[in-house]
Amino acid sequence: MAVIYSHNIKVWALLAVGVVCTCYFLFKSVFQSVRVEDKDISHVHITSGRIYSTELPQRRLPDALVVGAGKCGTDALITYLNTSKSFAINTIYSGDMHELNFFNNHFDQGIQWYIDQMPPVSSSQVSIEKCAPYMWNPQVPARVHQTKQDMKIIMVLCDPVKRLVSLYSHINSYKLADGSDPLPPFSDIIQLKDGKLIENVHPRPSQPFLESGKYSVFVSQWLEFFPLEQMIFISGEDLITQPLVEINKVTDFLGKSGSVTDRNVYYDKGRGYYCFESDNSKWCMDKSTKGRAHPELSPQLLSSLQNHFQPYNKKLEELIGKNFGWPKYFGKKS
């Protein structure tokens, strides 16, 4: 009897040791396979021998900024990226505020305020803020660098003459929509006098028309704080004609290659425009969304504008090693 009793104790002891060892190796594998801080496994769920992460999305500083240039396709870029769950994008549509403008107007609110405005994201997602006015403010690059030195910078650039007339049409359409007096004719705002271009009226005083097209000036300010390896420059023209090619450059740059495919972005032959499709929605360009009518430019004014921006275009090519092939705008709506 004593022998049997002794034998049973040994069996139970071995079983207990086996259970302890199994638990040890199980939880060791959890800690090795799931990223946790301070051994916090509150987001780990074990069911039927499988380990699942129930990590809750968190607000944090963005990984990348789309900083401009306005009227070159920044909204289109964000729309394309939004078709993939790999990206979480900060968008503001509240009253008159279309973009957050933290680094322009709210920097004194502090970093935590900024983080609170960001969308909740998982650790596998790329968080992005889009704010086109960031490009022009000379204070912004230093502020961004102070906040996050490894921030990735995305710029969409287009023919500066095309951007100029698009900006004019954009401002004018909003004035007409809210009942304000329309802008003077384009040829009254920018005139050719004695062979020189003169900007007589400033429809947007904080961003003079002629100055805003000198991309090399603004890119130089960013390059003082961020290396070229942390910046990417996308062609606004190619974003219209071959969007998936340009989007793939951005997704590669952000470490999410293949996250946007021809299932998300495709050309609809029936409509004659590109469509964007995600799990929850589908949206196609049409005549009402493709663009506004541009003002007529005399051949002399158009040529003078192209000549005005040419040295800055050349300097831009020297800075970033990319030739956009401008001029590409010759007076037609695009």
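Just above sits the structure.
Below or above, wherever it landed, is the structure these notes cover. Keep in mind that what you see is a predicted model, and the values were worked out from it rather than measured.

Scanning the model with the defined rule gives six salt bridges in all. The partner of Asp 63 in a salt bridge is Lys 148, with the nearest N and O atoms 3.4 Å apart. Note that Asp 63 is positioned in the loop between strand S2 (50–53) and strand S3 (64–66) and Lys 148 in the loop between helix H5 (140–147) and strand S6 (152–157), a separation of 85 residues in sequence. Taking relative accessible area as the criterion, Asp 63 reaches 23% and is therefore assigned partly exposed. Across the pair Glu 99 and Lys 130 runs a salt bridge whose closest N-O atoms are separated by 2.8 Å. Taken as a pair, Glu 99 in the loop between strand S4 (87–90) and helix H3 (102–105) and Lys 130 in strand S5 (residues 126–130) lie far apart in primary sequence, 31 residues in all. Judged by its relative accessible area of 9%, Lys 130 is buried.

With the rule as written, the count across this model stands at one disulfide. The partner cysteine of Cys 72 in its disulfide is Cys 158, sulfur to sulfur 2.0 Å. Residues Cys 72 and Cys 158 share a disulfide whose torsion about the S-S bond is about -70 degrees; that sign makes it left-handed. Here Cys 72, found in the loop between S3 and helix H2 (74–81), pairs with Cys 158, found in the loop between S6 and helix H6 (160–177); they are 86 residues apart in sequence, far enough to count as distant. Its relative accessible area of 3% is what places Cys 72 among the buried residues. Residue class for Cys 158 comes out buried when judged on its relative accessible area of 1%.

The strand order across the open sheet built from five strands is S4-S5-S3-S6-S9, with neighbouring strands paired in parallel fashion. Two strands bound the open sheet, and with one partner strand each, they are S4 and strand S9 (231–235). If you compare each strand with its neighbour and ignore which way they point, the axes differ by 25 degrees on average. With three bridges connecting them, S3 and S5 associate as parallel partners. When the sheet's bridge partners are listed, Ala 64 is paired in S5 with Ile 128. In the packing of H2 onto the sheet, contacts are made with S3, S4, S5 and S6, and the angle to S5 comes to roughly 160 degrees. With respect to the sheet, helix H11 (residues 243–253) is in contact with S4, S6 and S9, its orientation differing from that of S9 by roughly 170 degrees.

Restricting attention to buried positions, one finds in H2 the residues Thr 74, Leu 77, Ile 78, Tyr 80 and Leu 81. On an axial view of H2, the arc spanned by its buried residues comes to 160 degrees, and they lie on one face.

Analysis parameters
- Residues numbered from 1 in each chain as written.
- Predicted model: local features only at pLDDT ≥ 70, side-chain atom pairs only at ≥ 80, totals over all residues.
- Heavy atoms only, no water.
- Salt bridge = Lys/Arg side-chain N within 4 Å of Asp/Glu carboxyl O.
- Helix = DSSP H or I, 4+ residues; strand = E, 2+ residues; numbered from the N terminus.
- Buried < 20%, exposed > 50% of the residue type's maximum accessible area, 1.4 Å probe, protein only.
- Disulfide = S-S within 2.5 Å.
- Pairing = 2+ DSSP bridges.
- Axes fitted to C-alpha atoms, helices over the stretch in contact; angles between N-to-C directions.
- Contact = heavy atoms within 4.5 Å.
- Arc of directions from axis to C-beta.

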